[in-house]
Amino acid sequence: DTSKPSHFLRHVIENDLQQGNYAGRRWGGSPGDAAHHAQGMQDPARVRLRFPPEPNGYLHIGHAKSIWLNFELAREYGGVCHLRFDDTNPEKEEQEYVDAIRDAVKWLGYDCSLADDPARPGQPNEHVYFASNYFDFMYRAAEYLIGAGLAYVDEQSAEQIRATRGDFNTPGTDSPFRSRTQDENLARFRAMRDGQLPDGAAVLRAKIDMASPNINMRDPALYRIRRATHHNTGDTWCIYPMYTFAHPIEDALEQITHSICTLEFEDQRPFYDWLLDRLAEGGLIASPHPRQYEFARLNVTHVITSKRRLRQLVEEGHVDGWDDPRMPTLAGLRRRGYTPDALKLFCERSGVTKSGGWIDYASLEAALRDTLDPVAPRAMAVLDPVKLVVTNWDELMGAGFLDGCTAPVHPHHPEMGKRSFKLGREVWIERTDYEDVQPKGFFRLFPGNKVRLKYGHVIECTGGTRDADGKLTEVQAKLVPDTKSGTPGADAIKVKGNITWVAAADAVPAEVRLYERLFAAAQPGAGEVQDELNPNSLVVTQAYAEPALAKATAGQAFQFERHGYFVPDSRQGAGAGLVFNRAAGMKDSWGK
Ligand code: ATP
Ligand code: MG
Ligand code: MG
């Protein structure tokens, strides 16, 4: 599709495919058990990408960008994208998050299976992996590095290690343990594994260069001691690999071609290559090994994209769970009324670049409107209702009579059919549609003015009633005969105002939750959460809606005329009463 904006990652992939760079992937020495891991993935010419979340929380809009990017590129180039749980941090990871992540990826419309994988005939082709399944291999890779003189067990305290690492201006200094013999290192590493050392007593470090200008190359830690039960491997291990060591190995074992990550990892790339070059030399992994490419992470104004900060919102009760419709989690966005199509359009529009920045929240809403407007059924709902009485109804139409009205389900799609509702003596209208005295530019209800009840008749306002506090309690009007919408002569009287309404006789009551940006701060995350939150991010109203909405089901989006896009709340059980969430207003009105 040449209409799609291209980006640097497409150029990289196209070049690799053209040059056949991954076509001849092979092992330098004896493939051993790495080949076993890669079994079924030796399909050399294919682009293999991965989305590697850590199962320590729910996915958010930033992850959607990464999911979209990797799965779409894989699809575009006839490859496959793995869903890999990067579960090397036992304390923070839980099955609940594994399940939620799988759901979210599936909901976005991506499956991890490859229909025509020639390397796996007759096997389930689901490419879902767990980093923790590679712990045995990672352990052997560590012993290999020790044997090659490329790693050592450092028994300095964490404090000492930090203090001797140096900084941007100062080279680091060698640990006294750096010159241990290979035999001694091996024995100490096995002691770590066998539980003979307490947590924190030692780490395995790569032996690279304590004077490297890149601090990540100053003998980074590869393994640490941590007595914690892992959601997958239980208590099998008391040492766990560090992310920087584990991640390149995961990519290599899965025969990933392009390991796409965000810019924060740019400084890790030299270590990524160092490690995989060494393991390839040792014949533990195939060559050429995967390469890392970085792009700018997605930042959206008024939104936080950090699982840690999102967890804080949940735990401190600022929101009602991970799927609160104000949350930027995929579960929250889904409940809010966002669709996979809207999120993908948003990701595409936000671009894939090397330089970061903030995308305006308004463009997220714009993507939702642009995808829903062409397809969402229309409906009328009155969000802040006040009763309007048609005082001449009984004499003109007959007491108790209800007049049938129809409207198109969608103004541009006659094939979507018509909707029907009634007009009677009493209707609900918006409180803001009435004024005692006409403000400048106001053409709705005030005494003496005529407006059309949309899809119904023209009425002439005769007055309004207020209680002792000045609160409007009722509006009165007279129906103008022979003006019904769609009948001959309907346009004989020209009116400037066309108001939405529902008849008291057939309207269904509904709770409507009007959501706004969760954070008032445009770039939240700098200060304390409670100072940055928008205190008006949720307003609940008791509304009346068109009768057809009684049958609305979760996931079905409607455009409430004048008001925006709404979906039934998916948390409402049957019979609990109708609840609608506002996904987005008709237009961006933030700060206006
Ligand atoms: P968090 O800081 O919220 O925990 P993370 O980056 O640690 O996020 P992971 O589960 O490790 O979360 O991330 C999985 C993938 O999603 C990584 O490849 C990461 O680069 C990517 N990702 C996370 N946040 C964003 C973002 N805002 N924009 C683009 N990609 C992102
Ligand atoms: Mg992470
Ligand atoms: Mg992070």
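Just so you know, these numbers come straight off a predicted model, no measurement behind them.

With that out of the way, let us pick up the sheet that holds strand β29 (residues 579-584). The strand order across the open sheet formed by 7 strands is β14-β27-β28-β29-β25-β26-β15, and the pairing between neighbours is mixed. Two strands in the sheet have a free side with no partner beyond their single neighbour: β14 (378-379) and β15 (381-382). Helix α13 (residues 361-372) contacts β27 (558-560), β28 (564-568) and β29 of the sheet and is inclined by roughly 110° relative to β29.

This part takes up the confidence of the model for the protein chain. On average, residues of the protein chain score 92 in pLDDT, and 93% of them reach the 70 mark or higher. Predicted confidence is poor over residues 29-33, with pLDDT under 50, and the contacts of this stretch with residues over four places away or in other chains come to 5 contacts.

So, about the sheet that holds strand β22 (residues 472-479). On the basis of which strands lie adjacent, the open sheet formed by 7 strands has the order β23-β20-β21-β22-β16-β19-β24 and mixed pairing. Here the strands that pair on one side only, and so sit at the sheet edges, are β23 (497-499) and β24 (501-503). Within the sheet, the average angular offset between the axes of one strand and its neighbour, ignoring direction, is 40°. As defined by bridge partners, strand β16 (residues 385-390) adjoins β22 across 4 bridges and the pair is classed as parallel. Across the sheet, Val390 pairs through a bridge with Ala477, a residue of β22.

Our next topic: helix α8 (residues 243-253). Most of α8 sits out of view: 9 of its 11 residues are buried. Immediately downstream of α8, the backbone of Gln255 shows phi near 55°, a positive value.

As a further point, take the nonpolar core. Core analysis: the biggest nonpolar cluster contains 101 residues, and Leu368, Ala381, Val382, Val427, Trp501, Val502 and Ala545 have the highest contact counts within it. No other element matches helix α3 (residues 61-76), which puts 8 residues into this core. Sequence-distant contacts of Ala545, that is, excluding residues within four places in its chain, are made with Ala379, Ala381, Val502, Ala507, Val508 and Ala510. Judged by nonpolar contacts, the second largest core, of 40 residues, contains Ala131, Ala202, Trp237 and Ile239.

Further remarks concern the site of ligand 1. Taken together, 15 residues surround ligand 1, and among them Pro53, Gly62, Ser66, Arg297 and Lys307 come closest. Elements represented by at least two residues in the shell around ligand 1 include exactly α3 and β9 (258-262). A per-element tally of the shell around ligand 1 places α3 first, with 4 residues. The class makeup of the residues in the shell around ligand 1 is 4 nonpolar, 6 polar and 5 charged.

For the rest of this paragraph, the subject is the packing of helix α12 (residues 340-350) against α13. Any two packed helices are characterised by the angle at which their axes cross and by the distance between the axes. The interhelical angle for the contact between α12 and α13, taken along N-to-C directions, is 130°, at an axis separation of 8 Å. Our classification of the angle between α12 and α13 gives oblique. Where α12 crosses over α13, the handedness of that crossing is right-handed. Residues Asp341, Ala342, Leu345, Phe346 and Arg349 of α12 pack against Ser363, Leu364, Ala367, Leu368, Asp370 and Thr371 of α13. Counted by class, the contact of α12 with α13 contains 6 nonpolar, 2 polar and 3 charged residues.

As a further point, take the environment of Tyr565. On the secondary structure map, Tyr565 appears in strand β28. Classification of Tyr565 by C-beta neighbours within 10 Å gives buried; the count is 26. As a C-alpha pair, Tyr565 and Ile161 span 404 residues in sequence and 55 Å in three-dimensional space. Filtering out sequence-adjacent residues up to four positions away, Tyr565 remains in contact with Gly337, Leu368, Arg369, Leu372, Ala376, Ala557, Gln559, Ala583 and Ala584.

Turning next to the pairing of strand β3 (residues 80-85). Here β3 lies mainly inside the structure; 6 of its 6 residues are buried. Residues Val80, His82 and Arg84 of β3 are buried on one face, and the alternating residues Cys81, Leu83 and Phe85, pointing to the opposite face, are buried as well. As a crossover connection, the stretch from strand β2 (residues 48-51) through α3 into β3 is right-handed. Pairing of β3 with strand β4 (residues 128-130) involves 3 bridges; the strand directions are parallel. Within the sheet, the bridge partner assigned to Leu83 lies in β4 and is Val128.

Right, let's get into unusual backbone geometry. That bond from Ser287 to Pro288 is cis: its omega, -5°, falls within 30 degrees of zero. Within the secondary structure, Pro288 is located in the loop between β10 (286-287) and β11 (291-295). For Asp219, which is not glycine, the phi torsion reads 50° and is therefore positive. One can find Asp219 in the loop between β6 (203-206) and β7 (221-225). The backbone of Tyr455 shows a phi angle near 70°, a positive value even though the residue is not glycine. Classification of Tyr455 by C-beta neighbours within 10 Å gives buried; the count is 21.

Within the secondary structure layout, Asp103 lies in helix α4 (residues 95-107). According to the C-beta neighbour criterion, Asp103 is partly exposed, with 15 such atoms within 10 Å. Residues Asp103 and Phe137, 34 residues apart in the sequence, show an inter-C-alpha distance of 29 Å.

This part is about the packing of α3 against α12. Where α3 contacts α12, the two axes come as close as 10 Å, and the packing angle between them is 85°. Here α3 is positioned roughly perpendicular relative to α12, judged by the angle of their axes. Touching Ala64, Lys65 and Trp68 of α3 are Leu343, Lys344, Cys347 and Ser350, all from α12.

Cut-offs and rules
- Residues numbered from 1 in each chain as written.
- Chains lettered and ligands numbered in written order.
- Predicted model: local features only at pLDDT ≥ 70, side-chain atom pairs only at ≥ 80, totals over all residues.
- Pairing = 2+ DSSP bridges.
- Helix = DSSP H or I, 4+ residues; strand = E, 2+ residues; numbered from the N terminus.
- Contact = placed C-beta atoms within 7 Å.
- Axes fitted to C-alpha atoms, helices over the stretch in contact; angles between N-to-C directions.
- pLDDT = per-residue confidence, 0-100.
- Buried ≥ 20, exposed ≤ 12 C-beta atoms within 10 Å, placed from the backbone.
- Core = buried A, V, L, I, M, F, W, Y, C linked by C-beta atoms within 7 Å.
- Near = placed C-beta within 6 Å.
- Nonpolar A, V, L, I, M, F, W, Y, C, P; charged D, E, K, R; others polar.
- Parallel < 35°, antiparallel > 145°, perpendicular 65-115°, else oblique.
- Left-handed = near helix turned anticlockwise from the far one by under 90°.
- Right-handed = clockwise from strand over helix to strand, strands pointing away.

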